[in-house]
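The chain contents come next:
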Amino acid sequence: MARVITVTSGKGGVGKTTTTANLGTALARYGARVALIDADIGLRNLDVVMGLENRIVYDLVDVIEGRARVRQALIKDKRLPEMYLMPAAQTRDKDAVNAEDMIALANEMHTDFDYILIDSPAGIESGFRNAIACANEVLIVTTPEVPSVRDADRVVGLVEASEKGPPRLIINRIKPRLVSRGEMLSVDEVVEILAIEPIGVVPEDEVILSSTNRGEAAVFNAQSIAGRAFDDIARRLRGEEVPFMDMSEQPGVLERWFGGLFRRRAKA
Amino acid sequence: MGFLDNLFGNNKRDRSAQVAKERLLTVLVHDRVKLTPDMLEQLKIELSEVIARYVPNVNPSEIDVSLLRGDSSDHLKADVPLRRTPPTGGNESDRASARFDSR
């Protein structure tokens with residue numbers, strides 16, 4: 001039986017699709033059978049983030065409307081043989097799918113996968129409700145910014161009302177330098193405000209942009225600090241105890257070169 | 001660091017993260033409780049009516065009602081000043097207005 005995990009956020013542009021792609025990839029690298037479902041009908045993007053946009057023949061709406069079978073619509077990943085993507089339809093809108101359709105789809109895929117990750121659309125309307133309808137677990141992505149945290153709180157309320165069990169929080173795009181200067185909300189502050197359990201903290205990382213440019217998940221890049229943070233979240237999902245990454249200030253260039261010197265002096 | 005922060009006007013209270021946190025705590029509880037400004041005004045008037053039955057000298061315009069976010073529950077906090085009458089005599093503003101009246 002697959003664990004069905006929906007990644008949602010309320011506000012757009014906070015990293016739902018990046019999170020879904022990286023968590024799915026990390027889980028598949030640990031040997032899990034993973035299906036990613038893009039539930040953002042009409043604004044699909046998980047395909048391009050995964051670098052699979054050229055292989056789409058059928059999509060989610062084709063499956064729901066009976067033009068294709070689940071197996072025909074699932075696209076095998078380029079690198080990981082146990083990971084598949086179910087793309088969203090691009091030329092339809094969210095009314096093409098309802099909650100029962102999503103539940104039926106997840107039920108049909110249940111036995112073939114260990115994890116089904118659903119990339120939710122932004123907002124709190126039907127697209128979001130469809131995306132959480134079939135979930136056993138919900139992950140809410142926020143950045144440490146006022147509009148994003150506010151929208152996340154709305155979604156927390158809606159998820160709690162839907163009796164899915166408590167959602168867990170991913171704080172994305174943290175800039176440790178700004179946090180230490182008191183110009184960005186810290187992990188502790190965001191957790192205190194939203195009052196839900198965090199499952200991961202992800203620092204801002206330029207590698208995410210270049211990875212997305214290439215259509216490869218950042219977890220493949222050992223140099224990517226965000227990739228490592230997503231890998232940590234995947235391990236926590238698997239039940240491992242992984243300490244949270246330290247989000248206090250990363251050393252700047254000067255400090256990295258002369259850090260030892262400064263520290264020795266500070267002690268003296 | 002403390003004195004450097006003060007030197008550059010980087011007081012903890014002035015930092016934007018602290019401002020963000022305080023604003024969020026307020027806006028979130030208002031989002032959840034859905035108390036409109038009109039309803040809040042009406043609440044103050046009715047509160048003052050009820051309180052006036054028990055204690056004198058309540059002015060609805062002086063009541064401060066705020067919503068606060070707590071850990072497990074939100075709080076509606078009302079601060080109801082009770083005017084001391086007759087005036088306790090001789091505070092600065094009373095004297096000032098008396099002088100003004102006498103001209």
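Everything numeric here is computed off the predicted structure, so don't read it as measured data. (Residues numbered from 1 in each chain as written. Chains lettered and ligands numbered in written order. Predicted model: local features only at pLDDT ≥ 70, side-chain atom pairs only at ≥ 80, totals over all residues. Heavy atoms only, no water.)

1. Points about the overall build of chain A
Each helix and strand counted, chain A has 12 helices and eight strands in total. Every one of the 268 residues in chain A was classed for burial, and the buried ones make up 54%. By sequence separation, contacts in chain A at least 24 residues apart represent 74% of the contacts at least 6 residues apart. A total of about 12,500 Å² of accessible surface is found on chain A, and carbon and sulfur atoms cover 48% of it. (Helix = DSSP H or I, 4+ residues; strand = E, 2+ residues; numbered from the N terminus. Buried < 20%, exposed > 50% of the residue type's maximum accessible area, 1.4 Å probe, protein only. Contact = heavy atoms within 4.5 Å. Areas by Shrake-Rupley, 256 points an atom, 1.4 Å probe, with all protein chains shown as cover.)

2. Considering the pattern of salt bridges
In the structure shown here, the tally under the stated rule is 16 salt bridges over all chains. With a closest N to O distance of 3.0 Å, Glu-192 of chain A and Lys-21 of chain B form a salt bridge. Remark: Lys-21 of chain B occurs in helix α2 (residues 16-33) and Glu-192 of chain A occurs in helix α9 (residues 187-194); the pair is interchain, linking two chains. Using a relative accessible area of 43% as the deciding quantity, one classes Glu-192 of chain A as partly exposed. Taking the relative accessible area as the measure of exposure, Lys-21 of chain B reaches 14% and is therefore buried. A salt bridge links Arg-235 of chain A to Asp-232 of chain A; the nearest nitrogen and oxygen atoms lie 3.7 Å apart. With Arg-235 of chain A and Asp-232 of chain A both in helix α11 (residues 225-237) and three residues apart, the pair spans about one turn of that helix. Here the residues in one salt-bridge network are Asp-62, Glu-65, Arg-67 and Arg-92 of chain A, joined through shared partners. (Salt bridge = Lys/Arg side-chain N within 4 Å of Asp/Glu carboxyl O.)

3. Examining the sheet that holds strand β2 (residues 34-38) of chain A
Residues and elements named next belong to chain A. The sheet built from eight strands is open, its strands ordered β3-β4-β2-β5-β1-β6-β7-β8 with mixed pairing. The open sheet is flanked by β3 (75-76) and β8 (198-203), the only strands paired with a single partner. Judged from the four bridges that link them, β2 and strand β4 (residues 83-86) form a sheet pairing that is parallel. The residue of β4 that forms the bridge with Ala-35 is Tyr-84. Its contacts with the sheet place α9 against β6 (137-142), β7 (168-174) and β8, and it is angled at close to 145° to β7. (Pairing = 2+ DSSP bridges. Axes fitted to C-alpha atoms, helices over the stretch in contact; angles between N-to-C directions.)

4. Here's the deal with the side chain of Ser-9 of chain A
Residues and elements named next belong to chain A. As for its placement among the helices and strands, Ser-9 is situated in the loop between β1 (3-8) and α1 (16-29). On the basis of relative accessible area, Ser-9 is assigned to the buried category, the value being 1%. Within the structure, Ser-9 has its side chain in polar contact with the backbone oxygen of Lys-11 (distance 2.5 Å). Polar contacts involving the side chain of Ser-9 include one to the side chain of Lys-16, which spans 2.9 Å. Setting aside chain neighbours within four positions, we find Ser-9 in contact with Val-14, Lys-16, Ile-140, Val-141, Asp-151, Ala-152 and Val-155. (Polar contact = N/O pair within 3.5 Å; in protein donor to acceptor, adjacent residues only side chain to side chain.)

5. Some details on the side chain of Thr-8 of chain A
Residue and element names in this part refer to chain A. For Thr-8, the location among the structural elements is in strand β1. Overall, the relative accessible area of 0% leaves Thr-8 in the buried class. Of note is the side chain of Thr-8, whose polar atom sits 3.1 Å from the side chain of Ser-120. Each residue touching Thr-8, except ones within four places of it in the same chain, is listed here: Lys-16, Ser-120, Pro-121, Phe-128, Val-138, Leu-139, Ile-140, Val-141 and Val-155.

6. Thoughts on unusual backbone geometry
Residues and elements named next belong to chain B. A positive phi angle is found at Lys-34, which is not glycine, with a value near 60°. One can find Lys-34 in the loop between α2 and α3 (37-52). Its identity as a non-glycine residue notwithstanding, Asn-57 has a phi of 65°, on the positive side. Structurally, the position occupied by Asn-57 is in the loop between α3 and β1 (64-69). Looking at Asn-57, the relative accessible area reads 34%, which means it is partly exposed.

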